[in-house]
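In case you want the letters, here they are:
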Amino acid sequence: HKSRARLMERLIDRIAVVFPFEQSYFNNAEFIGHPLLDVPAPAVDADLAASPTVALLPGSRRNEIARHFPILARTAELLRDRGYRPVLSMADSAMLDRFEGAPCELYSGDVRTLLASSKCAVIKSGTGTLEAALLGLPHVAIYRSSWTSYWIARMMVDIKYIAMPNILLGKRVVPELIQSDAQPDKIVAAVAALDSAEIKMEFARLADILRAGSAARAAEIALSLGS
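Residues numbered from 1 in each chain as written. Predicted model: local features only at pLDDT ≥ 70, side-chain atom pairs only at ≥ 80, totals over all residues. Heavy atoms only, no water.

> Would you mind going over the overall build of the chain with me for this structure?
A count of helical and extended segments in the chain gives eleven helices and eight strands. Long-range contacts, defined as pairs at least 24 residues apart, comprise 64% of the intrachain contacts of the chain with a sequence gap of at least 6. Accessible area of the chain: about 11800 Å², with a carbon and sulfur share of 54%. (Helix = DSSP H or I, 4+ residues; strand = E, 2+ residues; numbered from the N terminus. Contact = heavy atoms within 4.5 Å. Areas by Shrake-Rupley, 256 points an atom, 1.4 Å probe, with all protein chains shown as cover.)

As structure tokens, then:
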């Protein structure tokens, strides 16, 4: 919530932020760039890359997986009927046994490799959408929570978009299907309608918006506080 910014200003000498729009929230903040731009390019899985693979990312937390898995399982069935190869990433490999018999492949490897090897993706809104965008991967963002949590969040946070690529680009490049719109048939329709060329062109702008070298700038700020 915006009110936290004033408290943070009083408690913190310097604030290093990783998104350019965050700098305007504070009087003592500096935009340092985003760490994801300094992460080495992921390996590509030749088998996945040779297929019309659609990466399905339900989230990393157990409650997110439990909430989004049923939606993505049905989505996987519909995608498979259309000739796609749906592959669902399980960040928590301890949960793999709970989803045996799922109508798609379960993947517990490096999620960036899965993204780099896919044709497109369906991703729970969060860091995954930014990772995919920086890899140039067209995708659809989904999110479903309890209605109570959703309306509390809507009252506290005033933003037009929820997918970080859209927030950074200032336009709806990534389709967003939230709450009751996060339905398998709508997700599949959004996947089929993705304009890969246009989306990749928009995503290419993110490297200039975010900038690399965040660790070095954060270190400079920290060192300046001791002088």
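> What am I meant to see in the nonpolar core here?
Judged by nonpolar contacts, the single largest core of 38 residues is most densely connected at Leu56, Val122, Ile142 and Phe203. Broken down by element, the residue count for this core peaks at seven residues, all from helix α3 (residues 62-81). Non-local contacts of Leu56, meaning those with residues more than four positions away in its chain, are made with Leu72, Ala76, Leu79, Pro86, Val87, Leu88, Ser89 and Val122. Ranked by size, the runner-up nonpolar core spans eleven residues in total, among them Leu48, Ala55, Leu57 and Leu137. (Core = buried A, V, L, I, M, F, W, Y, C linked by side-chain atoms within 4.5 Å. Buried < 20%, exposed > 50% of the residue type's maximum accessible area, 1.4 Å probe, protein only.)

> Any chance you could explain the packing of aromatic side chains here in plain terms?
The relation between two aromatic rings is expressed through the spacing of the ring centres and the mutual angle of the planes. Considering all chains together, one arrives at three aromatic pairs under this definition. Through pairs of rings, three or more aromatic residues link up here, namely Phe19, Phe21, Tyr25 and Phe26. (Phe/Tyr/Trp six-rings, centres within 6.5 Å; stacked < 30°, edge-to-face > 60°.)

> What's the story with the side chain of Arg85 in this structure? I'm lost.
With respect to the secondary-structure elements, Arg85 resides in strand β4 (residues 85-89). You can call Arg85 buried: its relative accessible area is 16%. Among the polar contacts made by the side chain of Arg85, one reaches the side chain of Glu105 at a distance of 2.6 Å. In this structure, Arg85 is in contact with Asp47, Leu48, Ser51, Pro52, Thr53, Val54 and Glu105, ignoring residues within four places of it in sequence. (Polar contact = N/O pair within 3.5 Å; in protein donor to acceptor, adjacent residues only side chain to side chain.)

> For this particular structure, what's the right way to read helix α9 (residues 196-203)?
Each full turn of the α-helix corresponds to 3.6 residues, which orients residues three or four apart in the same direction. All of the buried residues in α9 are Ile199, Glu202 and Phe203. The arc that holds the buried residues of α9, viewed along the axis, is 100°, so those residues lie on one side. Seen from the open side of α9, the exposed residues pointing more than 90 degrees away from its buried face are Ala197 and Met201. The inward-facing, buried residues of α9 contact α5 (127-134), β7 (139-143), α7 (164-169) and α10 (206-210). (Arc of directions from axis to C-beta.)

> What is the right way to look at the sheet that holds β4 in this model?
Strands sit in the order β5-β4-β3-β6-β7-β8 across an open sheet of six strands; the sheet is parallel. Since the sheet does not close on itself, it has two edges, and those belong to β5 (105-107) and β8 (176-178), each with one partner. This sheet shows a mean twist of 20° between the axes of neighbouring strands, independent of strand direction. For strand β3 (residues 53-57) and β4, the ladder comprises four bridges, and the chain directions are parallel. Each residue of the ladder has a partner; that of Thr53, found in β4, is Arg85. (Pairing = 2+ DSSP bridges. Axes fitted to C-alpha atoms, helices over the stretch in contact; angles between N-to-C directions.)

> Please explain the environment of Ser118 as it appears in this structure.
Among the structural elements, Ser118 can be located in the loop between α4 (111-116) and β6 (120-124). In this structure the C-alpha to C-alpha distance between Ser118 and Leu137, which are 19 residues apart in sequence, comes to 7.7 Å. For Ser118, the contacting residues outside a window of four places in its chain are Thr53, Ala55 and Leu137. A polar contact is formed between the side chain of Ser118 and the backbone oxygen of Leu114, at a distance of 2.6 Å.

> I tried to follow the pairing of β7 on my own but got confused; where do I start?
Working note: regular strand, side chains alternate between the two faces of the sheet. For β7, the tally of buried residues reaches four of five residues, placing the bulk of the element in the interior. Sheet topology places β6 next to β7; four bridges connect them, and they run parallel. Note on β7: the bridge partner recorded for Ala121 is His139. The parallel pair β6 and β7 is bridged by α5, and the resulting crossover is right-handed. Across three bridges, the pairing between β7 and β8 is parallel. From the neighbouring strand, Tyr143 faces β8, where its bridge partner is Ile178. (Right-handed = clockwise from strand over helix to strand, strands pointing away.)

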